[in-house]
Amino acid sequence: MFSEAIEGLNIAENGVYIDATFGRGGHTQGILDKLGLDGKVIAFDQDLAAIEYGKKHISDKRLSLIHSAFSDTSNEISSQKLTGKISGILLDLGVSSPQLDDANRGFSFNSDGPLDMRMNQNQGISAADWLATAAEEEIANVIYDFGEEKKSRQIANAIKKYQQNQALTTTLQLANIISKVLSSKNKQHKHPATRSFQAIRIFINRELEQLEQILQQSLQLLATDGRLAVISFHSLEDRIVKRFIRQNSKPPEPLKGLPVMAENIAIMPLKNLGKQFATQAEIRQNKRSRSAILRLAQRNLEVQK
Ligand SMILES: C[S@@+](CC[C@H](N)C(=O)[O-])C[C@H]1O[C@@H](n2cnc3c(N)ncnc32)[C@H](O)[C@@H]1O
């Protein structure tokens, strides 16, 4: 999805671009490579390790790195007086490989570490603290709503029973509890804890709320013809992106009986540029990309001043 996303942004030489999910800067570097001397990338990540990595490894005066959640993009861009002047916004959602690979971050069910799961470790509560204080029903609802896990109630019940005897503080403790609940009938090749870990991570980081907020902000931020490119990795995210683009690009049906004339057709804020999937070659190289969907849209109208 790397080149498709960069192509999809249709980089203008002197444009100002937002990479809302800097990670290790792969996409940021891809944008910088296509920009001229007066172009600019403003990159966000709520993970301090990502920002520190960027400061150390990418030295480019056209890049500004901001340690913040992307729901704060609008405030930051407004303070730089760039609202309505952004040529493109890229969102490459979810966790990064370094976050998954570092057992100390608590995202992985394959290696043992503290059950944290916060992308920003300076904010909010860890997954372990939440699981220790949340009611069984709340845990079940989160696992069902954000993981689409059918056995959410049994998993929540097993978590609460486990906590009656000992504290639940590590990733492997949680993965084992979930595996025991799902083991007998689990014929899928995914790890049984995949959906529950995804659900808890989405909840702890308020991922869907954050996504809704930045999509809404993008309408004010983008200049006319500015592009929005969003790569999502699961159906909950993709549904939000699809609905947002549709609502802002599809004109309402004309009233019955009214002649269809140009002045009766509403001009919508976005033009839907469609979706793309990873190629077989990319999926062979990077298994995670098999569930990735890139959606593209273009800002139609100038922001009302
Ligand atoms: C899939 S990685 C992005 C990888 C990046 N495109 C690259 O080329 O290296 C997602 C990154 O977005 C960050 N992130 C996720 N949600 C965020 C949010 N709401 N605000 C800011 N950063 C976020 C994560 O911390 C992670 O570093």
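The structure presented is a predicted model; accordingly, all values stated were derived computationally and were not measured. (Residues numbered from 1 in each chain as written. Predicted model: local features only at pLDDT ≥ 70, side-chain atom pairs only at ≥ 80, totals over all residues. Heavy atoms only, no water.)

**Examining unusual backbone geometry**
Next up, step 1: Phi at Asn-10 is positive, roughly 50°, even though this residue is not glycine.
Next up, step 2: Note on placement: Asn-10 falls in the loop between α1 (2-9) and β1 (16-19).
Next up, step 3: Located in the positive-phi region is Lys-81, a residue other than glycine, with phi close to 55°.
Next up, step 4: On the accessibility criterion, Lys-81 (66% relative accessible area) is exposed. (Helix = DSSP H or I, 4+ residues; strand = E, 2+ residues; numbered from the N terminus. Buried < 20%, exposed > 50% of the residue type's maximum accessible area, 1.4 Å probe, protein only.)

**Description of the site of the ligand**
Next up, step 1: His-27, Asp-45, Phe-70, Asp-92 and Gln-99 are the nearest of the 22 residues found near the ligand.
Next up, step 2: In this structure, an oxygen atom belonging to the ligand sits 2.9 Å away from a main-chain N or O atom of Arg-24.
Next up, step 3: Within the side chain of Asp-45, a nitrogen or oxygen atom sits 2.7 Å from an oxygen atom of the ligand.
Next up, step 4: Look at the ligand: alone it shows 610 Å² of surface, and the protein chains cover 93% of it.
Next up, step 5: When the residues that make up the shell around the ligand are grouped by side-chain class, the tally is seven nonpolar, eleven polar and four charged. (Near = heavy atom within 4 Å. Polar contact = N/O pair within 3.5 Å; in protein donor to acceptor, adjacent residues only side chain to side chain. Areas by Shrake-Rupley, 256 points an atom, 1.4 Å probe, with all protein chains shown as cover. Nonpolar A, V, L, I, M, F, W, Y, C, P; charged D, E, K, R; others polar.)

**As for a positive patch on the surface**
Next up, step 1: A cluster of basic side chains, namely Lys-242, Arg-246, Lys-250 and Lys-275, defines a positive patch on the protein surface.
Next up, step 2: Along the chain, Arg-246 falls in helix α12 (residues 235-249). (Patch = residues over 30% accessible without salt bridge, like charges linked within 9 Å, V, L, I, M, F, W, Y side chains within 5 Å. Salt bridge = Lys/Arg side-chain N within 4 Å of Asp/Glu carboxyl O. Lys, Arg positive; Asp, Glu negative; His and termini not counted. Charge placed at Lys NZ, Arg CZ, Asp CG, Glu CD.)

**Digging into the packing of aromatic side chains**
Next up, step 1: Scanning the model with the defined rule gives two aromatic pairs in all.
Next up, step 2: Taken together, a centroid distance of 5.4 Å and an interplanar angle of 90° make the contact between Phe-109 and Phe-197 edge-to-face. Highlighted residues: Phe-109 in the loop between α5 (97-101) and α6 (127-133) and Phe-197 in helix α10 (residues 194-204), separated in sequence by 88 residues.
Next up, step 3: A residue is classified by how much of its surface remains accessible, and Phe-109, at 17% relative accessible area, is buried.
Next up, step 4: For Phe-197, a relative accessible area of 3% puts it in the buried group.
Next up, step 5: One residue, Arg-288, lies across the ring of Phe-233, its end atom 4.4 Å from the ring centre. (Phe/Tyr/Trp six-rings, centres within 6.5 Å; stacked < 30°, edge-to-face > 60°. Lys NZ or Arg CZ within 6 Å of the ring centre and 35° of its normal.)

**Things to note about the side chain of Arg-118**
Next up, step 1: Within the secondary structure layout, Arg-118 lies in the loop between α5 and α6.
Next up, step 2: Here the side chain of Arg-118 touches Asp-116 through a polar contact of 2.9 Å, side chain to side chain.
Next up, step 3: Separated by 3.3 Å, the side chain of Arg-118 and the backbone oxygen of Gln-121 make a polar contact.
Next up, step 4: Here Arg-118 is in contact with Arg-105, Phe-107, Gln-123, Gly-124, Ile-125, Ser-126, Ile-204 and Asn-205, once residues within four sequence places are set aside. (Contact = heavy atoms within 4.5 Å.)

**Focus: the pairing of strand β4 (residues 86-92)**
Next up, step 1: Most of β4 is tucked away: six of the seven residues are buried.
Next up, step 2: Sheet analysis places β1 next to β4, joined by three bridges and oriented parallel. Bridge assignment links Asp-19 to a residue of β4, and that residue is Leu-90.
Next up, step 3: By the bridge criterion, six bridges tie β4 to strand β5 (residues 222-232) in an arrangement that is parallel. The partner of Ile-89 across the bridge, within β5, is Leu-228. (Pairing = 2+ DSSP bridges.)

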